[in-house]
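Next come the chains, spelled out residue by residue.
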Amino acid sequence: MARCKYLSRILDEPLAGICDVFCYAKASVTGSFCFNSFIHDAGAGGWSPLISDKYQWLEVDLGERTKITAVATQGRYGSSDWLTSYLLMFSDTGHNWKQYRQEDSIGSFPGNSNADNVVQYKLQQPAIARFLRLIPLDWNPSGRIGLRLETYGCPYTSDVVSLNGGSSSLVYRLSPGPWQTSKEVVSLKFKTLRNSGILLHAEGQQGVSLSLELERGKLQLLLRQGKTSPEPLHLTSLGSLLDDQHWHHVVLEQKSAHLNLTVDKNTERVQLPKIYNIFFIKPDASSKDLHGCIENLLYNGFNLIELAKNSDHQVTGNVTFSCAEPVSVALTFPGPQSFLQLPGTTASSPGGVSVGFQFRTWNKGGLLFTFSLPQQEGLSPAVFSGAALNDGQWHAVDFTARRGRLTISIYTHLQGWMLILNMAQFQMLRSAHVQTFQGCMRLLTVENQRVDLIKVQQRLLGNYSQLQIDMCGIIDRCSPSRCEHGGRCSQSWTVFHCNCSDTGYSGATCHSSVYEQSCEAYKHNGNTSGHFYIDVDGSGPIKPQLVYCNMTGDTHRLTHAFTPLRPSPAVSQHSVHFDYSSQEEQLLAAISQSEHCEQELSYHCRKSRLLNTLEGSPFSWWLGGPGQGRVQTYWGGAHPGSQQCACGLQGDCVDLQHYCNCDADRLEWTEDSGLLTHKDTLPVRSLVLGDIQRPGSEAAYRVGPLRCHGDKNFWNAAFFDKETSYLHFPTFHGELSADISFLFKTTGSSGVFLENLGIKDFIRIELSSSTQVVFSFDVGNGPLEVRVESSVPLNDNRWHRVRAERNVKEASLRLDELAVATQEAPTDGHFHLQLNSQLFIGTASRQKGFRGCIRSLQLNGVTLDLEERAKITPGVQPGCPGHCSSYGSLCQNHGRCVERASGFQCDCSLSAYAGVFCQTEVSASFKPGTSVSYTFKEPYELSRNSSALPSSIYSEMTLRAENISLSFRTNQSPALLLYVSSYYREYLAVLINKHDKLEVRYKLDSSRDAEVLRSSVRNVANGQLHTVTIKRLTDSVSTFWYFLFQESDIFLFPESDDLDPDLAKLASLGFTGCLSVVHFNTMSPLKAALLHSDTSPVIITGPLVQSNCGSAASTNPYAAENTHHLSGKKGGASFALSVKKLFCGVIAVVIFVVVTGLAITGRLLYQRKETYRNQQVKDRQENSQDFAFSNQADSQSVPCENPKEYII
């Protein structure tokens, strides 16, 4: 083997001193030549193997364990030979190499681009080792492998002991006496080849003990509550694959009842009992003692190994002050092309075949070994043995095929399996049907002889391809788990997978919440009131919580506790604590995010004082706010710190000398109540009531639910009026996991939404064209882009939602509700995203900026306050109007979208429906004798002498169209459903005839007989819900039938005095049933009667009960239409009638409407009426607030002798 001596510089970085030491280098067996000059500006030198392939390596022996902080490479002098990438391995013994990984995932290092420049790489975590091995991966394709190498670091000293189970121990006892420090710290390093053993044991008072135990390669922290405790309490576990014979760093830091456990770079925090007075590395059960080495064992800064060397009386034990390391050469099969071929006998030879080895893997399947068997007749089944062998643990396999008998033995740390069968029963699985093995092997024997794997590496024994020899390269990708929010991690040799079921989160790492962040967001998805999960911080650590969203008030209500007052004679004060179903962080986040919160606080009293005078101490108080709350001495409806109630603030207390009604101390019952609205003092945590023990004192209290309104983050927006406008925020930190979400609207075709730059890294989201959004970033291994293409233009001045995420597995981008676009992470791992500039919303670089609105911008669940920053930034305006263009379609059933400063609302004043989106049916149940009369007057004087008007004017005055709709349900026939009449005895009537069919009778000319239209749909008086739509056109009548089934009875009848005799007879029968969503042009008489009877021109006779009998909203695809053309002169009218049967299962409604006084006097007067109606609609729109039904009573003040009337 080629060997050369060279000079390697050891640099003590903190002191900047340079000292020269001699070390040795050896290279792969294929041959090499080397020189004494490394990393010099001039002179010949370098290492170059005779064969340039990926099986070459250069090994450096530093003579002793050294802290290596950096390496530098340079090409071979005066040549075209240099490396472009390489791997670094480290070892203490020259065996059992460990690959150095950047950021726990990236294995390769960047090399050189020519033979002269020096490329230095500072190790993120210094490596402590004696041996360094460099393995070339790629090199200049026009040359060969060539290298000059230099290492940097400083000397490393340590104290080491060996433990070999029950015969060795190290015990440290504290000095007697009440000695205790505020913080106790134990730190050490250990290495072992065994996957179980007790590493550290601490005993405290009253038999309580704490153990740090290695189990299945993981460290577990166990607490025992005394020696009689049957099972220890598992506090936490940390680390994985710790039985790899490499050093692992452990720190236990206890402060009060908290203890931090750190293994290598990962930390967990747990709760502990307070006092321990003994630490030692020796458990009572010798079978679980650690076999391995411990280095630099420190307790509160005391070096216990050094004290043991000096025979200190506090440290006792039987240990060896060195580390005896067994040599175990392992193999790694990293990929599908990896194999090892060894010479050996066959099963047909006299001695048969005997193979043994240990393996570990994460894969569920893989071909471990294969050999030839003698020919056997017949087909035999495959043989299976063992279970759950892909757990990453070492498993031993012994295989023997001899004298016609096959034996397979498998041993794990828990149990073993043995399978023996005759050769005729066995058939070997063919390798073509089994995936290749990926994992590690060691202790390989053939014919009971250990295979010398170093000879294999030197090509002196067998043959191999794409193997890593003298190392086990297994990685636990689930420790620590990259699955967030409780996602369950599973893995194979190359990848890990997160199961996000039942977590409330989604994505490759369970990062993104599947729930909205507020009721406001659910509302603008079109949801109505109900229970919803909200996740107030999105991808943040706070868990989702179940709340009730009252969409009509934009409220999310958190469950509260109510406890009645039960005073006890033996107690001078009564106190009660209130618990909330939400967790503390959920509660506080919901309050902080809401625009307004309130909670009712009421006190009913009789001779029980509440707050006393301003000068005196309060009898009662409450605690509110974060944590346990702060003492509050004001009551509902007053201000914090005022020591008043609402009546004191308003000046209307029953006794003006006091500031609360109850403080008047009267014998009559009175109360002090109001809403607490200051978010800093919410929620109410506790209540203390003091004046309840005097004779005659009585009191009761009520603490209402916590109600929070709005979402100040959802509408937080900024308008960028120029492409050069931008906002800036602190640097975005999303090193390994980042999510960005926002809404935008624009009329521009392109522009950068946001970007954050680093020296080389960057992250950017932009509108690249009118139909495409691009998410791009660079984490040091080249730019990566994720694109989403829309089929419709995005510059339509409507809101569009963008959600981008980057994690260790993939990058993803979602636009609106389109499919998610993803890009997998690089195969060699994911670099940290390193940014150093400010985060710009818009762009400050040479990229084209964004012109438009950005709203609800969140980074990793944290909302950026765009509005506050926009207030102080030129070219950017806070807020962004124009929401109806995006959300107006949510307003249903003729509801009108009205813009608000933050959002929108649906004005339902012109709709027969109610609710936040005008989607709730307004229904009522009728009984015989029930009627509703709705009266409105025309905005003009009506001449009673119609003969004075020319007939030509009369014909032009006729209304061109009427729209009537209603839903009904009845079992009665015949029955009159609707009647509309004018001053001139023109009328329209809708009825159910004696054949259970719907019938329309209309008379639009007093000189002609009534005409009749009968529907083809049968049996409408069947107790099912029907929806009727009547449209009067100019020359035809149509009927439409839609069927949905529902139960209900209904009856509605008009006054019969002025009716046609046949209709009057029908109306006299009466009607019982249900009526819903009655609408005549812009009028909704039933809605006015039920919801606004005090302010609407309605008269209600008899019992009118609001019901949900017409709540069905969907229709059946089946429909029937009847069209009828009127006979007579030009200018006649037509009607279109549609009837829907509703399948829903609630009580339905039927209504009769009679409209009287429909008189028309002339073209000029008709124009005046239309002008008035337009103005009336405008007034309704301006006066409509909070979805209130607009009041039309003002129209009664207009002089009129021609009223129209709806009778229900």
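Residues numbered from 1 in each chain as written. Predicted model: local features only at pLDDT ≥ 70, side-chain atom pairs only at ≥ 80, totals over all residues. Heavy atoms only, no water.

Per an unreviewed UniProt entry, the recorded name for the protein is Contactin-associated protein-like 4, and the organism is Maylandia zebra. Of the protein, the UniProt comment under Subcellular location (unreviewed entry) reads exactly: "Membrane". (UniProt positions renumbered as here; feature names shortened; annotations may be inferred.)

K.L.:
Would you take a moment to explain the overall build of the protein for this structure?
P.N.:
Broken down by element type, the protein carries 11 helices and 79 strands. For the protein, the residues scored as buried account for 51% of the 1208 residues in total. Partitioning the intrachain contacts of the protein with sequence separation of at least 6 by distance along the chain shows that 72% fall at a separation of at least 24. Summed over all atoms, the accessible surface of the protein reaches about 54,600 Å², with 50% contributed by carbon and sulfur. (Helix = DSSP H or I, 4+ residues; strand = E, 2+ residues; numbered from the N terminus. Buried < 20%, exposed > 50% of the residue type's maximum accessible area, 1.4 Å probe, protein only. Contact = heavy atoms within 4.5 Å. Areas by Shrake-Rupley, 256 points an atom, 1.4 Å probe, with all protein chains shown as cover.)

K.L.:
Where do I start with the packing of aromatic side chains in this structure?
P.N.:
Each pair of aromatic rings is reported with the distance of its centres and the angle of its planes. Following the criterion strictly, the structure yields 27 aromatic pairs and no others. Taken together through their ring pairs, the aromatic side chains of Phe-333, Phe-357, Phe-359, Phe-369, Phe-399 and Phe-437 make up a single cluster. Above the ring of Trp-57, the side-chain terminus of Arg-133 is found at 3.9 Å from the ring centroid. (Phe/Tyr/Trp six-rings, centres within 6.5 Å; stacked < 30°, edge-to-face > 60°. Lys NZ or Arg CZ within 6 Å of the ring centre and 35° of its normal.)

K.L.:
Help me out: how do you make sense of the pattern of salt bridges in this one?
P.N.:
A side chain of one charge can pair with a side chain of the opposite charge if their charged atoms are brought near each other. Tallied over the full model, the rule gives 29 salt bridges. Lys-309 is the salt-bridge partner of Asp-159, the closest N and O atoms lying 2.9 Å from each other. Placement of the pair is Asp-159 in the loop between strand E10 (148-155) and strand E11 (160-164) and Lys-309 in helix H1 (residues 304-309), with a sequence separation of 150 residues. Overall, Asp-159 belongs to the buried group, its relative accessible area being 17%. Between Arg-360 and Asp-243 there is a salt bridge, with its nearest N and O atoms 3.4 Å apart. Here the residue Arg-360 occupies a position in strand E27 (residues 353-360), and Asp-243 occupies one in the loop between strand E17 (233-238) and strand E18 (248-255), the gap between them amounting to 117 residues. The same class applies to Arg-360 and to Asp-243, which are both buried. When salt bridges that share partners are traced, they join Arg-65, Asp-92, Lys-191, Glu-295 and Glu-325 into one network. (Salt bridge = Lys/Arg side-chain N within 4 Å of Asp/Glu carboxyl O.)

K.L.:
What's the story with the sheet that holds strand E70 (residues 998-1003) in this structure? I'm lost.
P.N.:
Strand pairing in a sheet is mediated by backbone hydrogen bonds. Such pairs are either parallel or antiparallel. Taken together, four strands build an open sheet; the order of strands is E68-E69-E70-E71 and the sheet is antiparallel. A single partner strand is all that each edge strand has here, and the edge strands are strand E68 (975-981) and strand E71 (1011-1014). On average, adjacent strands in this sheet sit at an angle of 15 degrees to one another, irrespective of strand direction. (Pairing = 2+ DSSP bridges. Axes fitted to C-alpha atoms, helices over the stretch in contact; angles between N-to-C directions.)

K.L.:
Explanation requested: the pairing of strand E19 (residues 258-263) in the structure shown.
P.N.:
The side chains of a regular strand alternate, residue by residue, between the two faces of the sheet. Sheet topology note: the E18/E19 ladder contains six bridges and is antiparallel. Of the residues in E19, the one forming a bridge with Val-250 is Val-263. The loop that links E18 with its antiparallel partner E19 comprises two residues; one of these, Ser-256, has a positive phi angle of about 55 degrees. Linking E19 to strand E20 (residues 266-271), which pair antiparallel, is a turn of two residues; within it Asp-264 sits at a positive phi near 55 degrees.

K.L.:
How do you make sense of the environment of Pro-141 when you look at a structure like this?
P.N.:
Of note, Pro-141 is situated in the loop between strand E9 (119-139) and E10. Note on Pro-141: relative accessible area 78%, which makes it exposed.

K.L.:
When you look at the sheet that holds strand E45 (residues 630-632) in this model, what are you seeing that I'm missing?
P.N.:
Reading across from one edge, E42-E47-E44-E45 is the order of the four strands in this open sheet, with antiparallel pairing throughout. In this open sheet, the two edge strands, each paired with only one partner strand, are strand E42 (574-577) and E45. Across this sheet, the average inter-strand angle for adjacent strands is 20 degrees, counted without regard to direction. Both strand E44 (residues 621-624) and strand E47 (residues 684-689) contribute to a ladder of four bridges, which runs antiparallel. The residue of E47 that forms the bridge with Leu-623 is Ser-686.

K.L.:
What is the right way to read the UniProt feature "domain: EGF-like" (unreviewed entry) in the protein from this model?
P.N.:
Mapped onto the present numbering, the UniProt feature "domain: EGF-like" (unreviewed entry) falls on residues 474-511 and 881-919. Strand forms 26% of residues 474-511 and helix 0%; the C-alpha atoms that close the span are 26 Å apart. Taken end to end, residues 881-919 has its terminal C-alpha atoms 25 Å apart, with 10% of it in helix and 26% in strand.

K.L.:
Would you explain unusual backbone geometry in this entry?
P.N.:
With the exception of glycine, the majority of residues adopt a negative phi angle, and the majority of peptide bonds are in the trans configuration. Here the residue pair Ser-479 and Pro-480 is connected by a cis peptide bond, since its omega of -5 degrees sits within 30 degrees of zero. Residue position: Pro-480 is located in the loop between strand E34 (468-469) and strand E35 (488-491). Cis rather than trans, the peptide bond between Leu-682 and Pro-683 has omega equal to 0 degrees. Along the chain, Pro-683 falls in the loop between strand E46 (670-676) and E47. Positive phi, close to 50 degrees, is recorded for Gln-466, a residue that is not glycine.

K.L.:
It is not clear to me how the state of the cysteines should be interpreted in this structure. Could you clarify?
P.N.:
A covalent bond between the sulfur atoms of two cysteines is referred to as a disulfide. Across all of its chains, the model carries 15 disulfides by this definition. Note that Cys-605 is cross-linked by a disulfide to Cys-662, the S-S spacing being 1.9 Å. Note on the Cys-605 and Cys-662 pair: the S-S dihedral is about -100 degrees, so by sign convention the disulfide is left-handed. Of this pair, Cys-605 sits in strand E43 (residues 596-606) while Cys-662 is found in the loop between helix H5 (646-650) and E46, placing the two residues 57 residues apart along the sequence. Cys-605 gets classed as buried once you look at its relative accessible area, which sits at 1%. Classification of Cys-662 as buried rests on a relative accessible area of 2%. (Disulfide = S-S within 2.5 Å.)

K.L.:
I keep staring at the side chain of Glu-755 and nothing clicks. Help me out?
P.N.:
Here Glu-755 shows up in strand E52 (residues 751-757). For Glu-755, a relative accessible area of 1% translates into the label buried. In this structure the side chain of Glu-755 is engaged in a polar contact, spanning 2.9 Å, whose partner is the side chain of Arg-764. (Polar contact = N/O pair within 3.5 Å; in protein donor to acceptor, adjacent residues only side chain to side chain.)

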